[in-house]
Amino acid sequence: MNNGLIYDILVKIFLCLNVVDVAVASLVCKSWNNACRDPSLWNKIDLSRLSSYCFNIPFNKVGAYRYSSLKMTQFLKHLLDLSNGNTTCIIFNFYVYLTNEQTPNLKRVVLPQTGDFSRAGVDTVLSLWRGLESITITSAVSSYSMILAIGRHCKNITELKFSEGNFEEKHAVALTKYTPKLKILSIRNLPTSLKALLCVLNFFEDLEKVNICHSLILDTSYPHIAFVDISNLRNILPTSIMEKLIYCERGTCLRCMNGRDTTRSRQPDGPYEDIWGEDEIASLIHLPQPTEAERFATRHVRVLPFMKRMMYNST
């Protein structure tokens, strides 16, 4: 008589746990496993807040151990089996090293900082992500190769965020060709070509926001490279287009605020473990600011021995 009530209570409890804890709970018994498969638990798989120790990676070591890719593949297989196709968003841990991972039916994905994706691997992965609407591209994948693969497979991209490399004319031209529905673009803290920026701003009719906070905007049309600041942009662009730009003049952006934080991991040139995925554009902010207690707790998460065995033995 109480099976339905017990199921609902278990689901509410599991909603408060991280994905590793839910994966462990699914191994307890059949009734717990059944509750762990509830669709409400799996819309988003957020691995970003887990301690890097969950994957045997030393703290603050980006891509330190490449075998984390194998662990991540095995772990994802178990999570996706529990999700039963109900996952639409995956946010990877900053320090995990990925190779040609394949995860279907996603609408949003945030890649880790490092990895080793071949061009064929990128093409294969995006062929499985045809419904993708938002992606954060890091140095794990060549940004230009990713745009070309998006053009072949993903027709519904509305949000793009580049977190590494340069934003050049070839990127802007490829975007105008392959992502005509683009509404949100973040090139925060990147060297950016003025021509590329103007191309994006003038082409996309539905463009709503472009984040250029601390972007180094370069005008290479001069004999010597010239730097363009916000006052120059105001002279070039009409007010209606300037309103679409998010920029920093008064030290109020995320980079400036975190620059005043004395915690080592939050310095502007530090590892960014807890802020790397944030953005001044609200729809791209997927990592809430943790409290000191939460930060301490997540850095001391450990995988239980039987969970380790499950991760190693999963097929």
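In the annotation of an unreviewed UniProt entry, the protein chain is listed under the name F-box domain-containing protein and assigned to Vigna mungo.

Caption draft 1: Representation of the pairing of strand E6 (residues 134–137) in the model. Because side chains alternate across E6, one face comprises the buried residues Ser-134 and Thr-136, and the other comprises Ile-135 and Ile-137, equally buried. Relative to E6, strand E4 (residues 108–110) is paired through 3 bridges, and the arrangement is parallel. Its bridge partner being in E6, Val-110 is matched across the sheet by Thr-136. Alignment of E6 against strand E7 (residues 159–162), held across 4 bridges, turns out to be parallel. Its bridge partner lying in E7, Ile-137 is registered against Phe-162.

Caption draft 2: Inspection of the environment of Ile-217 at higher detail. In this structure, Ile-217 sits in strand E11 (residues 216–219). Separated by 50 residues in sequence, Ile-217 and Phe-167 place their C-alpha atoms 9.4 Å apart. Beyond its immediate stretch of four places on either side in the chain, Ile-217 contacts Thr-192, Leu-194, Leu-197, Ile-212, Ala-226, Phe-227, Val-228 and Leu-233.

Caption draft 3: The arrangement of the sheet that holds strand E12 (residues 226–228) in detail. Reading across the sheet, the 3 strands line up as E9-E11-E12 and stay open at both edges, with mixed pairing between neighbours. Every other strand in the sheet has two partners, leaving strand E9 (191–193) and E12 as the edge strands with one partner each. Across this sheet, the average inter-strand angle for adjacent strands is 45°, counted without regard to direction. Note: E11 against E12, 3 bridges, orientation antiparallel. Each bridged residue has a counterpart across the sheet, and for Asp-219 the counterpart in E12 is Ala-226.

Caption draft 4: Broad picture of the packing of aromatic side chains. Counted by the stated rule, this structure contains 3 aromatic pairs. Seen from the ring of Tyr-144, Lys-170 lies directly overhead, with NZ or CZ sitting 5.0 Å from the centre.

Caption draft 5: Broad picture of the nonpolar core. With 69 residues, the main nonpolar core has Leu-160, Phe-162, Leu-185 and Leu-233 as its most contacted residues. Take this core: its biggest share by element is 6 residues, from helix H8 (residues 194–203). Excluding its chain neighbours within four sequence positions, the residues that come into contact with Leu-233 are Leu-194, Leu-197, Ile-212, Ile-217, Val-228, Met-242 and Leu-245. Among the nonpolar cores identified, the runner-up in size contains 7 residues, and Ile-184, Cys-213, Cys-256 and Ile-281 belong to it.

Caption draft 6: Broad picture of the packing of helix H6 (residues 143–153) against helix H7 (residues 169–178). Between H6 and H7, whose axes approach to 9 Å, the crossing angle comes to 10°. The orientation of H6 relative to H7 falls into the category roughly parallel. Crossing geometry of H6 relative to H7 is assigned as left-handed. For the pair H6 and H7, contact is made by Ser-143, Tyr-144, Ile-147, Leu-148 and Gly-151 and by Lys-170, His-171, Ala-174, Leu-175 and Tyr-178, respectively. Here the residues of the contact of H6 with H7 are counted per class, giving 6 nonpolar, 3 polar and 1 charged.

Caption draft 7: Expanded view of unusual backbone geometry. Backbone geometry places Asn-189, a non-glycine residue, at a positive phi of 65°. The topology assignment puts Asn-189 in the loop between strand E8 (184–186) and E9. Unusually for a residue other than glycine, His-214 sits at a positive phi of about 60°. Following the sequence through the fold, His-214 ends up in the loop between strand E10 (209–211) and E11. Take His-214: its relative accessible area is 36%, and that puts it in the partly exposed class.

Caption draft 8: Region of the structure containing the state of the cysteines. For the structure shown, the criterion picks out 0 disulfides. For the unlinked cysteine Cys-36, the closest cysteine sulfur is that of Cys-29, found at 8.9 Å. What makes Cys-36 buried here is its relative accessible area of 0%.

Caption draft 9: Broad picture of H8. If you check which residues of H8 are buried, you get Leu-194, Ala-196, Leu-197, Leu-198, Val-200 and Leu-201. Two to three positions downstream of the cap, the backbone nitrogen of Lys-195 sits 3.3 Å from a side-chain oxygen, assigning the N-cap of H8 to Ser-193.

Caption draft 10: Just the pairing of E7, in detail. Alternating residues of E7 divide into Glu-159 and Lys-161 and Leu-160 and Phe-162, and every residue in both groups is buried. In terms of handedness, the path from E6 via H6 over to E7 forms a crossover that is right-handed. The pairing of E7 with E8 spans 3 bridges and is parallel. Its bridge partner lying in E8, Leu-160 is registered against Leu-185.

Rules used throughout
- Residues numbered from 1 in each chain as written.
- Predicted model: local features only at pLDDT ≥ 70, side-chain atom pairs only at ≥ 80, totals over all residues.
- Heavy atoms only, no water.
- Buried < 20%, exposed > 50% of the residue type's maximum accessible area, 1.4 Å probe, protein only.
- Helix = DSSP H or I, 4+ residues; strand = E, 2+ residues; numbered from the N terminus.
- Pairing = 2+ DSSP bridges.
- Contact = heavy atoms within 4.5 Å.
- Axes fitted to C-alpha atoms, helices over the stretch in contact; angles between N-to-C directions.
- Phe/Tyr/Trp six-rings, centres within 6.5 Å; stacked < 30°, edge-to-face > 60°.
- Lys NZ or Arg CZ within 6 Å of the ring centre and 35° of its normal.
- Core = buried A, V, L, I, M, F, W, Y, C linked by side-chain atoms within 4.5 Å.
- Parallel < 35°, antiparallel > 145°, perpendicular 65-115°, else oblique.
- Left-handed = near helix turned anticlockwise from the far one by under 90°.
- Nonpolar A, V, L, I, M, F, W, Y, C, P; charged D, E, K, R; others polar.
- Disulfide = S-S within 2.5 Å.
- Polar contact = N/O pair within 3.5 Å; in protein donor to acceptor, adjacent residues only side chain to side chain.
- Right-handed = clockwise from strand over helix to strand, strands pointing away.

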